Amino acid sequence: MSSNQGERFSNERYLTMNQVSRALGTTLIDDIWKEVLQYRNMFSVTIPLRTVERNRLRVVLTPKINDRLNQLDRRISRIQARIQEVYVDANHQKALKTLLTRDILKTIASSYEINFHDGIVNQLINHNISVLNAWEMFLNDYYRGLELVAKSANLDFTEALLADVGRLFNVPPLSNYIYRTTEIKTGRQVSVINHVYPHVPVNQISDAIADFYAFMATSTLPTIVQSAAIIFYLDYIKPFEAHSEIIAILMAKAFLAERELALIAPYLNIELILERYRDARDDVFAEVKKSADLTYFIDLLINVLNESLQAIEERIVFVVTHELEAEKHVLPPLEVEKDEASNVEAPADLFEHAQAEVAQKVEAPKQESVPLYTPKQAAVPLPLPPREEEGPKVTPEEANLGITQLPPELSENDILRLERHIRESDPSLSRAQAYFYARHCTMGKYYSINDFKEVTGCAYETARTSMDHLANSGYYRKEKFKNKFIYTPTRKA
């Protein structure tokens, strides 16, 4: 029975020694715990981030944890694509942003015990902050942080970005040194508990920051794992005098935005680890500091992100079905009578309006209907034969396009032949790599890691290594553009 204990306590749930003891109902678990550690060592990866005690952190990517990470990665990408579809309609976009922003700010308000009211969301979105009290100004600072996250796709993940986020919540120091200069004490406890430092001492902050950015510049770990490292390690360093825990979360979101997840990153409610998951977070952080095993926090973060994604999906459904429900009751445009109701402006508070509409049956509105959003086309639309009813074709010149030379399109049969030829000519390519290249090999075009990810439905890290393999094999030339890599086809015999 004991031969499977390592797998049992490391896959479905990643348990601590105390949790294993409670699960088995005995404290005599030394031999079992050795088996658990032996199993984990097979999947352990050491990273260059170190505790104050000079122990390097590690992550344990068991098959089950890897599977959970890949599923989460795909789910995030899928929901971001759904958000992009919703954003086609400007009314949907504003309503959804309002709801998702409200969820984040309400979580932050709850974690800091700030009285929250729905009206403040519109005040912040509309930058109407002249009448906010001190705590509401704090929420405004956090909202500015979310706006900065949304722009992070075009920013480099550097120490300068950390400084910008830090300044949102900290008075800039008089000197050029921006980091904390006082030791942290919690209540009556001094800086060391059971020979484990809860936070990095002042004299080690600069070295820890340097380690952090060296790790981020070279790490090839899955995106969520790197996000977990950002949240834990910046909170552990506590680089600023105040609010380092929320700065760490905003930095993780900025990193995700840089990884081409800018539409969804601000609204991933990682802030739940400061609210509903606060006790679990504190226990997990203490365990990571003691054991140097970051996997305990990765396990928690996966659960938090999945809960957040569920809420985001529900908000999307709410916004879209609310419009659909209204659409059902709209008369054909020619039969709509004009009256004063047609000119009534939408209420300022979108959230309250939306909730009120759902709470009661939607009356038949007389204003003109808002057209339903048009779903985004698939990443690689297959060319369809023209139908007779489509009417005469026009040339690019006749259409008065700025670009007159359109690339020729291969038929799907030609694409399939090309894909088969590539696979038979180069056995080093996976089926997904051949599939992508056969459809993305136009000279002069540029493709990204996210293109591969969306087309094949794989995880970000798989897409990155696949594009790099295609580049190393001579199919693409890899180039740096701003803060990301792009790939352009090369002439291949």
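We now turn to the structure provided with this report. Just so it is clear, the structure is predicted and the values come from calculations on it, not from any experiment.

A count of helical and extended segments in the protein chain gives 18 helices and 5 strands. For the protein chain, the residues scored as buried account for 46% of the 493 residues in total. For the protein chain, the exposed area adds up to about 26,600 Å²; of that, 51% sits on carbon and sulfur atoms.

Before going further, it helps to examine the pairing of strand β1 (residues 44-50). Regular strands place their side chains on alternate faces of the sheet. Relative to strand β2 (residues 56-60), β1 runs antiparallel, the two being bridged by 4 bridges. Across the sheet, the residue bridging to Val45 is Val59, located in β2. The antiparallel pairing of β1 with β2 creates a hairpin that spans 5 residues between the two strands, and Arg54 there sits at a positive phi of about 75°.

Take the pattern of salt bridges next. Across all of its chains, the model carries 26 salt bridges by this definition. Between Arg180 and Glu183 there is a salt bridge, with the nearest N and O atoms lying 3.9 Å from each other. Here Arg417 and Asp414 are joined by a salt bridge, their closest N and O atoms 3.5 Å apart. Of this pair, Arg417 and Asp414 are both found in helix α15 (residues 412-425), 3 residues apart, which corresponds to roughly one turn of the helix. On the basis of relative accessibility, which here comes to 32%, the residue Asp414 falls in the partly exposed class. Three or more residues are tied together by salt bridges with common partners; here these are Asp235, Lys238, Glu245, Arg278, Arg281 and Asp282.

This part is about the pairing of strand β4 (residues 476-481). Where β4 meets strand β5 (residues 484-489), 6 bridges bridge the pair, whose relative direction is antiparallel. Note on β5: the bridge partner recorded for Tyr476 is Pro489. Linking two consecutive strands that pair antiparallel, namely β4 and β5, is a turn of 2 residues; a positive phi of about 55° is found at Lys482 within it.

We now examine the environment of Arg423. With respect to the helices and strands, the residue Arg423 is situated in helix α15. Judged by relative accessible area, Arg423 falls into the partly exposed class, the value being 38%. Spatially, the C-alpha atom of Arg423 lies 6.1 Å from that of Ala434, the residues being 11 residues apart in sequence.

Spatially, β3-β5-β4 is the arrangement adopted by the 3 strands of the open sheet, whose pairing is antiparallel. Either end of the sheet is taken by a strand with one partner, and the two such strands are β3 (447-448) and β4.

A separate point is helix α7 (residues 134-150). Look at α7: 25 Å from first C-alpha to last across 17 residues, which is about the 24 Å you get at 1.5 Å a residue. By the burial criterion, the buried members of α7 are Glu136, Phe138, Leu139, Asn140, Asp141, Tyr142, Tyr143, Gly145, Leu146 and Val149. Turning to α7, the residues buried within the fold contact α5 (90-111), α6 (119-125), α8 (159-169) and α11 (244-261). Looking at where α7 begins, the residue whose side-chain oxygen comes 3.1 Å from the main-chain nitrogen of Trp135 is Asn133.

Checked against the element boundaries, Ser21 lands in helix α2 (residues 17-24). Judged by relative accessible area, Ser21 falls into the buried class, the value being 15%. When residues no more than four places from it in sequence are discounted, the contact partners of Ser21 are Thr26, Thr27 and Ile29.

Attention shifts here to the side chain of Asp73. Within the secondary structure layout, Asp73 lies in helix α4 (residues 63-86). Owing to a relative accessible area of 6%, Asp73 belongs among the buried residues under this scheme. A polar contact is formed between the side chain of Asp73 and the backbone nitrogen of Tyr460, at a distance of 2.6 Å. Not counting the four nearest positions on each side in its chain, Asp73 is found in contact with Lys453, Ala459 and Tyr460.

The subject of this paragraph is the nonpolar core. Core analysis: the largest hydrophobic core is formed by 112 residues, its most contacted members being Tyr142, Met251, Phe297 and Ile312. Considering each element in turn, this core owes the most residues, 14 residues, to helix α13 (residues 295-328). The residues touching Ile312, leaving out its near neighbours within four places in the chain, are Ile79, Ile83, Leu100, Ile264, Tyr267 and Leu268.

Cut-offs applied
In this numbering scheme, every chain counts its residues from 1 along its sequence in written order. Only residues with pLDDT of at least 70 get local features here, since the model is predicted, and only at 80 or more are side-chain atom pairs given and counted; chain-wide, interface and lining totals rely on the full set of residues. The side-chain numbers reported here are obtained from all heavy atoms of the structure, hydrogens and water having been left aside. Helix and strand definitions here come from DSSP, where helices need a minimum of 4 consecutive H or I residues and strands a minimum of 2 consecutive E residues; each element is numbered from the N-terminal end. Each residue is placed in one exposure class: buried if its accessible area under a 1.4 Å probe, protein chains only, is under 20% of its type's maximum, exposed if it is over 50%, and partly exposed if it falls in between. Here the accessible surface of atoms and residues is derived via Shrake-Rupley with a 1.4 Å probe, and residues count as covered only by protein chains that are part of the display. Strands qualify as paired when DSSP identifies two bridges or more between them. Whenever Lys or Arg places a side-chain nitrogen within 4 Å of a carboxyl oxygen from Asp or Glu, that contact is recorded as a salt bridge. Here, expected helix span is obtained from the residue count minus one, scaled by 1.5 Å. Any pair of residues with heavy atoms lying within 4.5 Å of one another is described as a contacting pair. We define a polar contact as two N or O atoms separated by no more than 3.5 Å, with the added condition that, inside protein, one atom must be a possible hydrogen donor and the other a possible acceptor, whereas residues neighbouring each other in sequence contribute only through side-chain atom pairs. Residues enter a nonpolar core if they are buried and are Ala, Val, Leu, Ile, Met, Phe, Trp, Tyr or Cys, with the set joined through side-chain atoms within 4.5 Å.

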